[in-house]
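These are the residues of each chain, in order.
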Amino acid sequence: MLMKEFEGKTEKDAIKIACDELKLSEDQIKIELIDQGKVGFFGFRNKSVKIKVFYEESAGSPYALECKKYIEGLLNTINIPFKVAIVNEEEDKVFISISSSESGLLIGKKGKNLEAIQFIINMALNKNKKDKKDWKKIILDIEGYWNRREEAIKKVAMKAADFVRTTKKTRLLQTMNPFERRLVHMTLQNFNDIGTRSEGDGTYKKVRIFLK
Amino acid sequence: MEEKNLVEYLVKSLVDHPESVNIKVIEGEKSTILELRVLEDDIGKVIGKHGRIAKAIRTILSAAATKSGKRVVLEILD
């Protein structure tokens, strides 16, 4: 049995988001309400509803099963307790989730270890495919780490924007990978007074946030 | 040895000739050195563009090594 948390404006909304993302119907999942959200003035909700969703893992394609087997073999060599599950599958992507009591060790600082494991798995399982277009990308997650990281980055971006507004100075964020930088740009693109720009060379750059 | 098995598993999955992967363990007082030899044709598959694969292997290795509290160094020989 797997578990994932979802958020929505109402409980119904959250369930719909969960079903869409997991590609399951409502009777295939079990739901537990964690946060009902606050009902503010005039009955408007000003906080989103949080639910926990329990579901069975899907059987998976031969490729997904191969990925699972590979990860199990890898984690067996380092002797830590773990559970690997195929969460979802798309045409060119497989989503795999690991749960372990040693999740901190597997994730590493800022997700460094998780990134390395994901990179190696992708190299190993796609090594016979010459064209990168034929790759079926494996996305590894450990106990919802990417979601948590995404939220954290959005928060950092918003905070930096506030800082820039009040002090009229620019702010340079820590080094980030392309995906994380994109997230910062996207989070702040709707503010007309705030600009973002990547600085530096290579895969890992820093984002500067400034007042337009 | 755990770390040796780990590196062996990773490297064998990456190369075209897993049978010629050879790892020698040199145990020191504070650190352990793993000397890795692969077939010449396979060396690029272990190092990768700009050493990306080698870096990832070393990252995973040092994560695994923190459990035993020892420093483990991977050397790729050619």
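In this report, the structure presented in the accompanying data block is examined. (Residues numbered from 1 in each chain as written. Chains lettered and ligands numbered in written order. Predicted model: local features only at pLDDT ≥ 70, side-chain atom pairs only at ≥ 80, totals over all residues. Heavy atoms only, no water.)

1. Comments concerning the overall build of chain A
Under the convention used in this document: To qualify as a helix, a DSSP run of H or I must reach at least 4 residues; to qualify as a strand, a run of E must reach at least 2; elements of each kind are numbered from the N terminus. Exposure classes here rest on a 1.4 Å probe applied to the protein chains alone. A residue is buried below 20% of its type maximum, exposed above 50%, and partly exposed in between. Here, two residues are considered to be in contact whenever any of their heavy atoms come within 4.5 Å of each other. Methods summary: accessible areas were calculated by the Shrake-Rupley approach with a probe of 1.4 Å, and residue burial reflects only the protein chains presented.
Looking only at helices and strands, chain A has six helices and nine strands in total. Each principal axis of the C-alpha atoms in chain A carries an extent, and together these give about 55 × 50 × 35 Å. Among the 212 residues that make up chain A, the fraction classed as buried is 39%. Within chain A, counting contacts between residues at least 6 apart in sequence, those at least 24 apart form 55% of the total. Summed over all atoms, the accessible surface of chain A reaches about 12800 Å², with 52% contributed by carbon and sulfur.

2. Considering the pattern of salt bridges
Residue and element names in this part refer to chain A. We count it as follows: One side-chain nitrogen of Lys or Arg within 4 Å of one carboxyl oxygen of Asp or Glu is enough to make a salt bridge.
Enumeration according to the criterion identifies 13 salt bridges over all chains in this entry. Close ionic contact of K154 with E151 constitutes a salt bridge, the shortest N to O distance being 4.0 Å. Linking K154 with E151, this pair stays in helix α5 (residues 145-167), spanning three residues, or about one helical turn. The partly exposed category is assigned to E151, whose relative accessible area is 46%. Between D162 and R165 there is a salt bridge, with the nearest N and O atoms lying 3.3 Å from each other. Taken together, the residues span about one helical turn, with D162 and R165 both in helix α5 at a distance of three residues. For R165, a relative accessible area of 28% translates into the label partly exposed.

3. Examining the interface of chain A and chain B
In plain terms, the rule: Buried area adds together the accessible area that both of two parts lose upon being put together, with accessible area traced by a 1.4 Å probe. As used in this structure description, the phrase polar contact means that two N or O atoms lie within 3.5 Å; if the pair is within protein, one of them must be able to donate a hydrogen and the other to accept it, and residues adjacent in sequence are counted only when both atoms belong to side chains. Polar here means any residue outside two lists: the nonpolar Ala, Val, Leu, Ile, Met, Phe, Trp, Tyr, Cys and Pro, and the charged Asp, Glu, Lys and Arg; Gly therefore counts as polar.
The interface is formed by 20 residues belonging to chain A together with 20 residues belonging to chain B. Across the chain A to chain B interface the summed buried area is about 1700 Å²; carbon plus sulfur atoms make up 71%. Between the two partners, chain A and chain B, sit seven residue pairs in polar contact (both at pLDDT 80 or more). Among the elements that make up the side of chain A that touches chain B, the one with the highest residue count is helix α4 (residues 112-125) of chain A (eight residues). Along the lines of polarity and charge, the residues of the side of chain A that touches chain B split into 11 nonpolar, five polar and four charged.

4. Examining the nonpolar core
When a protein is soluble and globular, its nonpolar side chains tend to lie buried together. Counted only if it meets this: Here, the term nonpolar core denotes a set of buried Ala, Val, Leu, Ile, Met, Phe, Trp, Tyr and Cys residues that are joined through side-chain atoms within 4.5 Å.
Judged by nonpolar contacts, the single largest core of 51 residues is most densely connected at I120 of chain A together with V11 and I57 of chain B. If you tally residues by element for this core, the top one is α4 of chain A, at eight residues. In this view, I57 of chain B contacts I120 of chain A together with L10, V11, L14, V46 and L74 of chain B; residues no more than four positions away in its chain are not counted. In terms of nonpolar packing, the next biggest core, distinct from the first, is built from 14 residues, A14, I15, I29 and V53 of chain A among them.

5. Comments concerning the sheet that holds strand β2 (residues 31-37) of chain B
All names here are of chain B. Keep this limit in mind: Each pair of strands is called paired provided DSSP finds at least two bridges between the two strands. Axis definition: a line fitted to C-alpha atoms, over the contacting stretch in the case of helices. Angles run 0 to 180 degrees between N-to-C directions.
Taken in spatial order, the three strands line up as β1-β2-β3 in an open sheet, and their pairing is mixed. The open sheet has two edge strands, β1 (22-27) and β3 (71-77), and neither has a second partner. The sheet shows a mean angle of 20° between the axes of neighbouring strands, taken without regard to direction. Both β1 and β2 contribute to a ladder of six bridges, which runs antiparallel. When the bridges of β2 are listed, K24 appears paired with E35. Across the sheet, helix α3 (residues 52-68) is in contact with β2 and β3; its angle to β3 comes to roughly 155°.

6. So, the side chain of N122 of chain A
As for its position among the elements, N122 of chain A is in helix α4. Those residues in contact with N122 of chain A, other than ones at most four positions away along the chain, are W135, K136, K137 and I138 of chain A.

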